[in-house]
Amino acid sequence: MNVGYVPHSAEDVTGLIASWRQRIAADERLRLAASVDDVEAAGRAGDVAVAFDLEDSGPLDVRLDQVRHFYDLGVRTMTCARFPNSR
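Quick look at the structure, then. The structure displayed is predicted, hence computed values, not measured ones.

### Here's the deal with the overall build of the protein
Step number 1: Of the regular secondary structure elements, the protein holds three helices and four strands.
Step number 2: The proportion of buried residues among the 87 residues of the protein is 23%.
Step number 3: Surface exposure of the protein reaches about 5700 Å², of which carbon and sulfur atoms provide 54%.

### Describing the nonpolar core
Step number 1: Counting residues in each nonpolar core, the largest one holds 11 residues, listed as Val3, Ala10, Val13, Ile17, Ile24, Val50, Phe52, Leu54, Leu60, Phe70 and Val75.
Step number 2: Of all the secondary-structure elements, those providing two or more residues to this core are helix H1 (10–26) and strand E3 (52–54).
Step number 3: Looking at this core, the element that brings in the most residues is H1, giving four residues.
Step number 4: Residues contacting Ile24, with those up to four places away along its chain left out, are Leu30, Arg31, Leu32, Val50 and Phe52.

### Overview of the pattern of salt bridges
Step number 1: This model, assessed by the stated rule, comprises four salt bridges.
Step number 2: Note that Arg29 is salt-bridged to Asp27, the shortest N-O span being 2.6 Å.
Step number 3: Residue Asp47 is joined to Arg31 by a salt bridge in which the shortest nitrogen-to-oxygen separation is 2.9 Å. Note that Asp47 is positioned in the loop between helix H2 (36–45) and strand E2 (48–50) and Arg31 in strand E1 (residues 30–32), a separation of 16 residues in sequence.

### Brief notes about unusual backbone geometry
Step number 1: Non-glycine residue Asp61 carries a positive phi angle of around 55°.
Step number 2: Checked against the element boundaries, Asp61 lands in the loop between E3 and helix H3 (65–73).
Step number 3: On the accessibility criterion, Asp61 (35% relative accessible area) is partly exposed.
Step number 4: Positive phi values are uncommon outside glycine, yet Val62 reaches one of about 60°.

Cut-offs applied
- Residues numbered from 1 in each chain as written.
- Predicted model: local features only at pLDDT ≥ 70, side-chain atom pairs only at ≥ 80, totals over all residues.
- Heavy atoms only, no water.
- Helix = DSSP H or I, 4+ residues; strand = E, 2+ residues; numbered from the N terminus.
- Buried < 20%, exposed > 50% of the residue type's maximum accessible area, 1.4 Å probe, protein only.
- Areas by Shrake-Rupley, 256 points an atom, 1.4 Å probe, with all protein chains shown as cover.
- Core = buried A, V, L, I, M, F, W, Y, C linked by side-chain atoms within 4.5 Å.
- Contact = heavy atoms within 4.5 Å.
- Salt bridge = Lys/Arg side-chain N within 4 Å of Asp/Glu carboxyl O.

Here it is in structure tokens:
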């Protein structure tokens, strides 16, 4: 699930992830996936695995420590740039 891109600050994305994590926890059909094993386990159980991604690196706010922050919140993929508006 895409949770942010260039117009969103790290704070915006953190809030959105927190909101989605609550929704996922409240729905027994959904599982937050941190790994391929989690995705496969959800599939075997008939559940839907959810992983977060960032469309580009804008929400990092030019701070590499934000990579760990977002990883810890469940972001598993991020493209480095968004075209045509990459910075």
